[in-house]
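A look at the structure
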Amino acid sequence: MKTPEVILTKENGTKQPEQIETIIIGGGQAGLSMSYYLTKQGYEHVVLEQTAQAANSWRNYRWDSFTLVTPNWHLRLPGAEYNGSDPNGFMSKAEIVACIEQYIQRFNLPVRYNTEVIAVEAMSEQQGYLVHTKNKIYKASNVVVATGYDQHPKIPAFSNKLSPEITQLHSGAYRNPHLLPGGAVLVVGSAQSGAQITEELYRHGRKVFLCVGNAGRMPRHYRGKDITWWLDKLGFFDHTAETFPYPKGEFSSPHVSGADGGHTLNLHQFAKDGVMLLGHLKDAIDNTIFLAPDLKGSLAKADEFEATLVQMIDEYILQNKINAPGEELPELYDGYDAKVIRHLNLKTAGISTVIWATGYKCNFHFIKLPVIDNDGFPMQQRGVTKYQGLYFLGLPFLHTLKSGRLLGVGDDAAYIANHIAAKTQPKEICVP
């Protein structure tokens, strides 16, 4: 693979744009999967990573006890699919980081660290792009934006109206219960992160208030298999945005845990264990929060999600004559006994901390082309935009639900690599 060079002008010795065939922006699993295929085929490229180390999101935006919620066999980085001794286990944060670091070393991927991209613009008189970083400019025929979905914490604007005496942090900044101020904790959001953090907090003796959202519930195991095994068989991860049975903008990942070998999370069990369940958080002023009276409706949605899912599995087992043991899931209703609360004084309740488990939003402000829709999502077909040589990678529903996951990001990377190869010379890259 050709090594790019920096060209100096004769007139003043200043640096001209460094010309590289393909620039990959982002050194996470998406960008590295892309780099794997281009490296394998000998195409000139570099990966620009804004931080000093690999696996930044896994390393710096997950709590200390974090584990994957999908089994290890879901790890399908191209060329390094999981083949360890514990396929049904759940990797810890440290193991995920090590895996990605080893991936870079194993395939000698050309990652440049501490290189933040601040602008991508089309060249005015010829094909290609100028990629601006804080210290230099690159000229590229192809740009693959692989910065992922979890770019910027999504926190409601009314958080600014809370009393300054209340400690506020996003779930990406939470590490462990011991680093929080003393007192009760309000967790806002009950999808995967919010539910797992809530469980960890109350298991460590903290009083927890949880604002429940629309996320569904899945059993960790059902009829002899991990739930993701059944989801895979049902084609759940292969849904496109058009075929997905839930509105894309309203769907939150169902809560489930990979901690302690993996187990079910149930909001009714939380209530039974002493967690105070609340409705959606609508507003806040000083020490008072205002809540929607929708808790029981949200609990019903979580119950319905699980019931629908297990019914689909039961039907699949029957239709395909699979020998699977029967199972009746426990039925809990404790959450429905919770009092409907419309407003709560945080000081009176002893709440010292608010954790916003409210997800993330995309931010492609550095792309200086009209390629982002009104929802902030790139306009593309499986990562290919209408601008020749400009691609996106590593986002959910880029092609299917698994496009943004360790399970499926390699498939989309291979597809884009094929597209790049078709522009240069006829080299085939197999799409799994």
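Structure: above.
Report follows, based on the coordinates. All of these numbers come straight from a predicted model, not from anything done at the bench.

The number of helices and strands found in the protein chain is nine helices and 21 strands. In terms of C-alpha radius of gyration, the protein chain reaches 23 Å, essentially the compact-globule figure of 22 Å for 432 residues. Taken along its principal axes, the extent of the C-alpha atoms in the protein chain is 75 × 60 × 35 Å. Taking all 432 residues of the protein chain together, 53% fall into the buried category. As displayed, the protein chain has an accessible area near 20,400 Å², and 49% of this comes from carbon and sulfur atoms. Positive and negative charge centroids in the protein chain, built from 41 and 43 side chains respectively, lie 3 Å apart.

Attention shifts here to the side chain of R59. Considering the arrangement of structural elements, one finds R59 in helix α2 (residues 56–60). In this structure the side chain of R59 is engaged in a polar contact, spanning 2.7 Å, whose partner is the side chain of E101. Excluding its chain neighbours within four sequence positions, the residues that come into contact with R59 are Q53, A54, K93, V97 and E101.

As a further point, take the packing of helix α1 (residues 29–41) against helix α3 (residues 93–106). At a closest axis distance of 11 Å, the pairing of α1 and α3 adopts a crossing angle of 20°. One element, α1, and the other, α3, form an angle in the roughly parallel class. For the crossing formed where α1 meets α3, the hand is left-handed. Mapping the contact onto sequence places Q29, L32, S33 and Y36 in α1 and I100, Y103 and I104 in α3.

Relative to the 20 Å expected for 14 residues at 1.5 Å per residue, α3 spans 20 Å between its end C-alpha atoms, a close match to the ideal helical length. For α3, the complete set of buried residues consists of K93, I96, V97, C99, I100, Y103 and I104. For α3, the angular spread of the buried residues around the axis is 155°, confining them to a single face. Of the exposed residues in α3, the ones pointing more than 90 degrees away from its buried face are A94, Q102, Q105 and R106.

So, on to unusual backbone geometry. Positive phi, normally seen in glycine, also occurs at N114, with a value near 55°. In the Ramachandran plot, K321 falls in the positive-phi region, its phi being about 55° despite a non-glycine side chain. The topology assignment puts K321 in the loop between α7 (295–319) and β18 (343–345). On the accessibility criterion, K321 (77% relative accessible area) is exposed.

Rules behind the numbers
Residues numbered from 1 in each chain as written. Predicted model: local features only at pLDDT ≥ 70, side-chain atom pairs only at ≥ 80, totals over all residues. Heavy atoms only, no water. Helix = DSSP H or I, 4+ residues; strand = E, 2+ residues; numbered from the N terminus. Rg over C-alpha atoms; globule rule 2.2 N^0.38 Å. Buried < 20%, exposed > 50% of the residue type's maximum accessible area, 1.4 Å probe, protein only. Areas by Shrake-Rupley, 256 points an atom, 1.4 Å probe, with all protein chains shown as cover. Lys, Arg positive; Asp, Glu negative; His and termini not counted. Charge placed at Lys NZ, Arg CZ, Asp CG, Glu CD. Polar contact = N/O pair within 3.5 Å; in protein donor to acceptor, adjacent residues only side chain to side chain. Contact = heavy atoms within 4.5 Å. Axes fitted to C-alpha atoms, helices over the stretch in contact; angles between N-to-C directions. Parallel < 35°, antiparallel > 145°, perpendicular 65-115°, else oblique. Left-handed = near helix turned anticlockwise from the far one by under 90°. Expected span 1.5 Å × (residues − 1). Arc of directions from axis to C-beta.

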